[in-house]
Amino acid sequence: MRSERTTSKTKQMQQQYQFEDLVGAPSSSPFNNGALLPPPPPSPNNLWVIKDAMSNGAGGVWILDQSNVGEFLDTGCSDTATTISTAIKATNKTTFTTSSTKVSPAATTTTSILHPTHRYIAQQYAWPPTLYHGKKCHVRVYGVITSSGEAFVHKRAFLHVANEEFEYCSGVGEEKEDMSSSSQQPRKFEPSMHITNCCANSHDADKFSGEICADLEKTCSPSTQPSASTSSDAVPLGEYFPSIAASVSTLAQRSASFLKGGRANNGFEYLGFDFVISSVPDPCVNQASSKRIPVAYLLEVNAPPSQDTATGLPHAEALHDEVISDLLRMWVLPKLGIVPRRQLGGWKCVYTPPVEEEGEALSSNEWAVPSKAAILNRIRWAMFEKTAAKEYESVWSGDDANGGESEDHQRHDTKQ
């Protein structure tokens, strides 16, 4: 009887609420500013993401709510019920329910699935997620923070998509006593519905959405809503750029003191930002309006980001090539004196430090002491340069038998 009642309420929710979708019907488009859109489902009660700080590539990621919190706690102690109740109440930001989750220590003695020596990060689930063809997604954004304090974001990005269509029956709309019932079973969270990591999802060729290019410069309107018929078609995400730029700007300001030591050698940090896209009500309109503002929530920062693609397809490789080529012309080559001035290309400056800070000279004791790893890398690079120089000299040195040209050069000309 209860399952029938829940199914009925789920259908009512689907009619009453709607997630925004980048390539869905116009009624669900986040770019449809003129129409009255159905609101997104209310935020779930205590929905969190836990990530192992020592894992990578979508490994060590769990979805947690009050139904399965016991799996993350050691329940062999006598005060387990109190511990779980406290954990739930501490994270409960609504008045939906404040009841304890009653657990019998004798009946459910378990060990936490978390490793006791690892460090973990807990983030509240970004809600409501903006979808792509009904699936959860996130944006991989490329950025640079320089030792001079500037921050840049490149217009080219990737849209990473989960393998399964997104749905979440959080109990929203259920009766209060149903949520607090001691018979509530732990919810099973399907990783392929929540995990959007490209490398983790590419193993399933039938469900993998591909490496989808995105453009943070182009904006969209209902009349030009993206169809994204192929992965090489860049999805316009310009509406999310202000939110992304604000996060990168804040990071640049807070990390400035750690990067100043790199001024002596014109250092920079090349970064990969993962943002989940969402929306919030527009504060400039009345509460009855359905107008929402696109926002992007920062999930993590990769330093440096991987330059490998999951598929090796030309459009994905070309995106990486463009970002790196623009980085060389924007920062590296001008600092080496190879080109007279920097060329931004696809890079957009999102933060410039105050003039007085940028012009400050470093005293001798503020210079960064190179690490052991940095010294070893310089030695390796010097050895590589020496070897490369010898190879270059042997290949391109004059060869009387070949008329002054190397044998490799002659073979290349023959192929032409």
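Bear in mind the structure is a predicted one, so any value in this text is a computation, not a measurement.

Chemist: Is there a simple way to think about the overall build of the protein chain in this case?
Modeler: If you tally the helices and strands in the protein chain, you get 10 helices and 11 strands. Buried positions account for 39% of the 416 residues belonging to the protein chain. Restricting to contacts in the protein chain with at least 6 residues of sequence separation, those with at least 24 account for 68%. Of the roughly 23,500 Å² of accessible surface on the protein chain, a fraction of 54% belongs to carbon and sulfur atoms.

Chemist: Can you help me understand the sheet that holds strand β1 (residues 48–52) in this one?
Modeler: Picture the strands of a sheet paired through backbone hydrogen bonds; they go either parallel or antiparallel. Strand order in the open sheet formed by three strands is β2-β1-β3, and the pairing between neighbours is antiparallel. Looking at the sheet topology across the chains shown, the edges are occupied by β2 (61–64) and β3 (120–124). Pairwise comparison of adjacent strand axes, ignoring direction, gives a mean angle of 20° for this sheet. Bridging between β1 and β2 involves four bridges; their strand directions are antiparallel.

Chemist: Sorry, what's going on with the side chain of D326 here?
Modeler: Mapped onto the elements of the fold, D326 is located in helix α7 (residues 314–336). Ignoring any residue separated from it by four or fewer positions in sequence, one finds D326 in contact with H154, Q343, L344, G345, G346 and W347.

Chemist: It is not clear to me how the packing of aromatic side chains should be interpreted in this structure. Could you clarify?
Modeler: Enumeration over the complete set of coordinates arrives at eight aromatic pairs. Residues F19 and W127 carry aromatic rings whose centres are separated by 5.5 Å and whose planes lie at 70° to one another, so their mutual orientation is edge-to-face. Note that F19 is positioned in the loop between α1 (2–16) and β1 and W127 in the loop between β3 and β4 (131–132), a separation of 108 residues in sequence. In this structure, F19 and W127 share a single accessibility class: buried. Ring centres 6.2 Å apart and planes at 40° place the aromatic pair F273 and F275 in the tilted group. Note on F275: relative accessible area 0%, which makes it buried. Clustering of aromatic rings is evident, with ring pairs tying together F19, Y125, W127 and F166. In this arrangement the basic side chain of K335 is found over the ring face of W331, its NZ or CZ atom lying 4.5 Å from the centre.

Chemist: Looking at this structure, how should I read the confidence of the model for the protein chain?
Modeler: Note that predicted coordinates carrying low pLDDT should not be read in detail. When pLDDT is averaged along the protein chain, the result is 75, and 66% of the positions lie at 70 or above. Segment residues 1–7 is flagged for pLDDT under 50; beyond a separation of four residues in sequence, or across chains, it makes four contacts in the model. Throughout residues 404–416 the model reports pLDDT below 50, and contacts reaching past four residues in sequence, or to other chains, amount to 10 contacts.

Chemist: Please explain the pattern of salt bridges as it appears in this structure.
Modeler: If charged atoms from side chains of opposite charge come close, those side chains can pair. If you walk through the whole model with that rule in mind, you get eight salt bridges. As a salt-bridge pair, K51 and E300 come within 2.4 Å of each other at their nearest N and O atoms. Of the two residues, K51 sits in strand β1 while E300 sits in strand β10 (residues 292–302), which places them 249 residues apart along the sequence. The residue D274 makes a salt bridge to R140 at a minimum N-O spacing of 2.7 Å. With D274 in strand β9 (residues 268–281) and R140 in strand β5 (residues 135–146), this pair connects stretches of sequence that are 134 residues apart.

Chemist: Please clarify how the side chain of R292 should be interpreted in this entry.
Modeler: When you line up the elements, R292 lands in strand β10. We note that R292 is buried and unpaired, the nearest opposite charge coming from E20 at a distance of 4.2 Å. A distance of 2.7 Å separates a polar atom in the side chain of R292 from a polar atom in the side chain of S279.

Chemist: What am I meant to see in helix α6 (residues 241–259) here?
Modeler: Residues lying three or four places apart along an α-helix face the same way, a consequence of the helix completing one turn every 3.6 residues. At Q253, α6 shows its largest bend, some 35°. Turning to α6, its buried residues are F241, S243, I244, A245, V248, S249, A252, S255 and L259. The secondary structure elements touched by the buried residues of α6 are β5, β6 (151–165), β9, β10 and β11 (347–351).

Chemist: When you look at α7 in this model, what are you seeing that I'm missing?
Modeler: If you look at α7, its biggest bend is around 40°, right at L328. Those residues of α7 not exposed but buried are H315, A316, L319, H320, V323, D326, L327, M330 and W331.

About the cut-offs
- Residues numbered from 1 in each chain as written.
- Predicted model: local features only at pLDDT ≥ 70, side-chain atom pairs only at ≥ 80, totals over all residues.
- Heavy atoms only, no water.
- Helix = DSSP H or I, 4+ residues; strand = E, 2+ residues; numbered from the N terminus.
- Buried < 20%, exposed > 50% of the residue type's maximum accessible area, 1.4 Å probe, protein only.
- Contact = heavy atoms within 4.5 Å.
- Areas by Shrake-Rupley, 256 points an atom, 1.4 Å probe, with all protein chains shown as cover.
- Pairing = 2+ DSSP bridges.
- Axes fitted to C-alpha atoms, helices over the stretch in contact; angles between N-to-C directions.
- Phe/Tyr/Trp six-rings, centres within 6.5 Å; stacked < 30°, edge-to-face > 60°.
- Lys NZ or Arg CZ within 6 Å of the ring centre and 35° of its normal.
- pLDDT = per-residue confidence, 0-100.
- Salt bridge = Lys/Arg side-chain N within 4 Å of Asp/Glu carboxyl O.
- Lys, Arg positive; Asp, Glu negative; His and termini not counted.
- Polar contact = N/O pair within 3.5 Å; in protein donor to acceptor, adjacent residues only side chain to side chain.
- Bend = angle between axes of the 7 residues up to and from the residue.

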